[in-house]
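Structural description and commentary
Residues per chain are reported as follows:
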Amino acid sequence: MNETVTQSTRRQWLATAAAGLAGSAVAGRAEIASAQAQPPSPLPLTEFEPKSMLHVPMTTVRGARFPVIDFHTHISRRRATRPPVPPAELLKTMDAVNLRTMVNLTGGLGEDLSATIAGFDRAFPRRFLSMTEPAWTRAAEAGYARWQADEIAKAKAAGAVGVKVLKTLGLYLRDGGPTGKLVSVDDPRFDPMWEACGRLGMPVAIHVGDPEAFFLPIDRFNERFEELNAHPDWSFHGKDFPSFKEILEARDRVFAKHPNTTFVGLHVGHWAENLQAVGETLDRFRNVHVEIGARIGELGRQPRTAAKFFDRYQDRILFGTDAIPLGVETPQQVFGEELYRIYYRFLETEDEHFDYAPAKRPPQGRWKIYGLGLRDGILRKVYNGNAQRVLGLKLI
Ligand SMILES: [Zn+2]
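Now for a look at the structure at hand.

1. Re the overall build of the chain
Helices and strands together make up the secondary structure of the chain, namely 15 helices and 10 strands. For the chain, restricting intrachain contacts to residue pairs at least 6 apart in sequence, the fraction spanning at least 24 positions comes to 75%. Accessible surface, the chain as shown: approximately 19,300 Å² in total, 55% of it carbon and sulfur.

Following this line, the structure appears as structure tokens:
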């Protein structure tokens, strides 16, 4: 608002000055009158697409400096309304951006998993890896705990490289139907599963919680207002949802109880807005790593804090994007050359004030990001070294 006032005042002054130069006081008054008669019209926030006037370097990083393992993708679609994009199509993009391997977290279970592994992992070795998922719908059945642990072992035998835990746990899964009690992240019935993952050398890619703002009221103070206003069902404010901190505390109890299981906290350990807290989690639990998918918008708006975080935890951070092929309503996840180039620009260059997603409007908050310019040694670890160690696989 201040800016609008300032600009229109300046415009009036210019109009007066121009009229003075023309030597016509009458014309000058007319100019001023017309400028005052047209106050700036309100512009809906959704239509505001400011173009930056900064003249600063713009680097295009066509391919990553070192081969990349994307630890966080969703490329097979079970229960799909659309068929998956054929792997050969994905490979074209992967080769164009120096993306060596995609880890498909949602490979499903049972027959879905076998089909995914046959079509992706086995058809294109080292280019695609798949993880399995717990059968949440059976969690209330008698004997689930043991059965689930056995299923994880079967998935490993079928070729799965890890286990993905969606935010289903803690925010959606309820005992006794849709109105039942939410199942806590540290519910003991999952203990045999976490233990099996450790015994079998299968890392757990875990996503619990969501951006901190999703747990706050959808109002004018919410920094993710536009996103939540468009998707009110993404809000976890109110009702019987646990608080953001309660979810993280339950998650930490799982980390503590299963020290021989490797966990990868997706989305920067679920709290990219608070790298101090993520660092403390990494300090406390040696079995925990983090992945950066769909959070460069957060990391890149705090570039100095983020650069220190990457320096300090360079052995614990994995590259990931949360990429999904085909159009989705979250542009920050649309698989394609453009998406990867934004990530590379963020990690490799010191470019300033650029978009974190291939979208006309920033989809996760109205701000820009700043590149970290990471050193080669750190880049190598983040791009592929740490993922290879976590997966126990030599891929590059
Ligand atoms: Zn994901």
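2. Section: the sheet that holds strand E9 (residues 288–291)
Taken in spatial order, the 5 strands make up an open sheet running E4-E7-E8-E9-E10, and their pairing is parallel. Of all the strands in the sheet, just strand E4 (163–165) and strand E10 (317–318) have a single pairing partner and so form its edges. In terms of strand pairing, strand E8 (residues 263–265) meets E9 through 3 bridges, oriented parallel. In the strand pairing of E9, Val264 is matched with His289.

3. Overview of the sheet that holds strand E2 (residues 99–104)
With respect to topology, 3 strands assemble into an open sheet ordered E1-E2-E3, the strand pairing being parallel. A single partner strand is all that each edge strand has here, and the edge strands are strand E1 (68–73) and strand E3 (128–130). For this sheet the average axis-to-axis angle between neighbouring strands, irrespective of direction, equals 20°. Across 4 bridges, the pairing between E1 and E2 is parallel. Bridge assignment links Ile69 to a residue of E2, and that residue is Thr101.

4. Some words on the environment of Ser52
Within the secondary structure, Ser52 is located in the loop between helix H2 (25–37) and E1. Ser52 sits in the partly exposed class, given a relative accessible area of 35%. Linking Ser52 and His353, residues 301 residues apart in sequence, is a C-alpha distance of 8.3 Å. A polar side-chain atom of Ser52 sits 3.2 Å from the main-chain amide nitrogen of Leu54.

5. Focus on the packing of aromatic side chains
The full count for this structure, using the stated rule, is 23 aromatic pairs. The rings of Tyr172, Phe215, Phe236, Phe241, Phe244 and Trp271 are connected pair by pair, giving a single aromatic cluster. One residue, Arg138, lies across the ring of Trp147, its end atom 4.0 Å from the ring centre. When the ring centre of Phe354 is taken as reference, the NZ or CZ atom of Arg345 above it lies at 4.0 Å.

6. What to know about the side chain of Thr101
As for its placement among the helices and strands, Thr101 is situated in strand E2. Non-local contacts of Thr101, meaning those with residues more than four positions away in its chain, are made with Val68, Ile69, Asp70, Met94, Arg126, Arg127, Phe128, Leu129 and Leu395.

7. Some thoughts on the side chain of Thr106
Secondary-structure assignment places Thr106 in the loop between E2 and helix H4 (110–121). Taking relative accessible area as the criterion, Thr106 reaches 12% and is therefore assigned buried. Separated by 2.8 Å, the side chains of Thr106 and His74 make a polar contact. Thr106 has contacts with Thr73, His74, Ser76, Met131 and Glu133, leaving out every residue within four places of it along the chain.

8. Here we look at the environment of Ala357
Relative to the helices and strands, Ala357 resides in the loop between helix H14 (337–348) and helix H15 (376–391). Between the alpha carbons of Ala357 and Glu338 there is a distance of 8.6 Å; along the sequence they are 19 residues apart. Non-local contacts of Ala357, meaning those with residues more than four positions away in its chain, are made with Gln332, Ile342 and Pro363.

About the thresholds
Residues numbered from 1 in each chain as written. Predicted model: local features only at pLDDT ≥ 70, side-chain atom pairs only at ≥ 80, totals over all residues. Heavy atoms only, no water. Helix = DSSP H or I, 4+ residues; strand = E, 2+ residues; numbered from the N terminus. Contact = heavy atoms within 4.5 Å. Areas by Shrake-Rupley, 256 points an atom, 1.4 Å probe, with all protein chains shown as cover. Pairing = 2+ DSSP bridges. Axes fitted to C-alpha atoms, helices over the stretch in contact; angles between N-to-C directions. Buried < 20%, exposed > 50% of the residue type's maximum accessible area, 1.4 Å probe, protein only. Polar contact = N/O pair within 3.5 Å; in protein donor to acceptor, adjacent residues only side chain to side chain. Phe/Tyr/Trp six-rings, centres within 6.5 Å; stacked < 30°, edge-to-face > 60°. Lys NZ or Arg CZ within 6 Å of the ring centre and 35° of its normal.

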